[in-house]
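One-letter residues, chain by chain:
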Amino acid sequence: MSPFEHTSLGSTALPVDLDEAAHRCLVAGFEGATTVPDTLKELIDRGLGGVILFTRNIRDAEQVRRLTDELRAIRPDLVVAIDNEGGGMGHLGTVGAPQLPGSYALGVVDDPNLTARCADELAAHQAALGITASYAPVADLQHRPDNPIVRTRSFGADPESAARHLRAWITATEARGVASCAKHFPGHGGTVTDSHHGVAVDPRPYDELRADLEPFRAAVAAGVPMLMSAHVVYPALDPNRPATLSRRILGDLLRRDLGFDGVLVGDALEMKADCRDAVLDALRTGVLAPERVEEAAGRVRRLAARYATPPTATTVPAPVYEVAGVGLDAARRAVRIRGVPPAVRGAHVVDLFPPPHPVLNWGGEDLLTEVRAVDPTATGTAVTGECADPDDLVEGIVRRCGAAPLVVATCDAGLHPWQVRLRDALLGRRPDAMRVDTGLPEGGALHSYGRGRANLRAVAEVLAGV
């Protein structure tokens, strides 16, 4: 093979070792669940550092393990990653992933041993599928009630509590041979914009931002091998660039001040070769220094040497779709009750919640399903968006409910005015209705602190008195 075989943009060639180093720094998503696309095989042959799996790549447990085995057959040190935080946030719901309550609920319980047990179950399942890099846990602090992206994905607002749970999560994940990734440095909790859809800005002064660094310090001290940056602008840290592109934030603050020497992760390139070619062209034109690429590639190689190969003795897990075990125990312990509401068996349950997030892939689980699992006499209505005639909807719900108890559940209603309107209209007709908050607390009688199946089942048990 000629040392100048690989070229960028069809012009000036790059040495093969530099081309490999550039590809080693990249992670790509891809289409397909049963075969590896030829375009992806070419990237892997050229040194691609890793791939990330999404729901579109997931059908069942056996299929996922065959796919990850096929990927590693192309190159054994390829890192196979996934987003899977628990609490309904992730891409393994169809393959029987453990039903966990999510980070905020774990923070409410505040038992790091319980957090470690939940993280252990999740990591064991991932390793059995051949997935050995997990983009979790969330290290952001949930500061603002109008933050649209962190919320119950966070362990809470207190930096010391979040640090305890990050240490527990990372240590348990590491013990299973899975690389964890604390995100989103230096903290996404002070924003009001979803960075999946636009550039978010955190306007707080440095003195206020310092507390957000504490969970990341704890993650670094616990040996976290990866950190994901926030696509957020912090004027107090760097007024000109989002953290993902900021040398001040990722170089001076993270590398030098916090002492992190692991792998920094951005978003997946989703097979967009224009992004790959931009990196190669920057090398070709001298805009990007070869030494910088080699340094980053070295970190990825070390990560791969440590985590890329799953345990050989691990067998593919049988799907477990029932809500049980440590996840349900954690969710039960997280439920908070205002007063002592009576059991409401045979209730009509109105569940108001937003549609699944297109990137986070929360699965859209509904409370009525979980209530009926423990109380078959229950009826209900699930509403996942603003309707054309809310007055008619309210009238129909009140008519169907009749004299039965009425339960009105919302999920982050403050972010979704249609939920507030429907909730208030129903309470106006039925002031005796019981309010349930399945997101962050907003004045309800029951709080689940999450919408994973485990969270909803735990609330259902309280409602049914079981």
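Just so you know, these numbers come straight off a predicted model, no measurement behind them.

Examining the packing of helix 6 (residues 159–175) against helix 7 (residues 206–221)
- Running from N to C, helix 6 and helix 7 cross one another at 20 degrees; their axes reach a closest spacing of 8 Å. Classified by the angle between their axes, helix 6 and helix 7 sit roughly parallel to one another. Crossing of helix 6 over helix 7 shows right-handed handedness. Taken together, the residues of helix 7 that come into contact with helix 6 (itself represented by Pro-159, Ala-162, Ala-163, Leu-166, Arg-167 and Ile-170) are Ala-211, Glu-214, Pro-215, Ala-218 and Ala-219.
- Residues belonging to the contact of helix 6 with helix 7 are distributed by class as follows: nine nonpolar, no polar and two charged.

Description of unusual backbone geometry
- The omega torsion of the bond from Ala-136 to Pro-137 falls at 10 degrees, within 30 degrees of zero and hence cis.
- Tracing the backbone shows Pro-137 in the loop between strand 6 (133–134) and helix 6.
- If you check the backbone angles, Asp-110 has positive phi at about 55 degrees while not being a glycine.
- Its place among the elements puts Asp-110 in the loop between helix 4 (103–109) and helix 5 (112–128).
- According to the relative accessible area criterion, Asp-110 is partly exposed, its value standing at 32%.
- Positive phi, close to 50 degrees, is recorded for Arg-151, a residue that is not glycine.
- With respect to the element layout, Arg-151 can be found in the loop between strand 6 and helix 6.

What counts, and where the lines are drawn
Residues numbered from 1 in each chain as written. Predicted model: local features only at pLDDT ≥ 70, side-chain atom pairs only at ≥ 80, totals over all residues. Heavy atoms only, no water. Axes fitted to C-alpha atoms, helices over the stretch in contact; angles between N-to-C directions. Helix = DSSP H or I, 4+ residues; strand = E, 2+ residues; numbered from the N terminus. Parallel < 35°, antiparallel > 145°, perpendicular 65-115°, else oblique. Left-handed = near helix turned anticlockwise from the far one by under 90°. Contact = heavy atoms within 4.5 Å. Nonpolar A, V, L, I, M, F, W, Y, C, P; charged D, E, K, R; others polar. Buried < 20%, exposed > 50% of the residue type's maximum accessible area, 1.4 Å probe, protein only.

In short, the description is geometric, and any link to function would need to be established separately.
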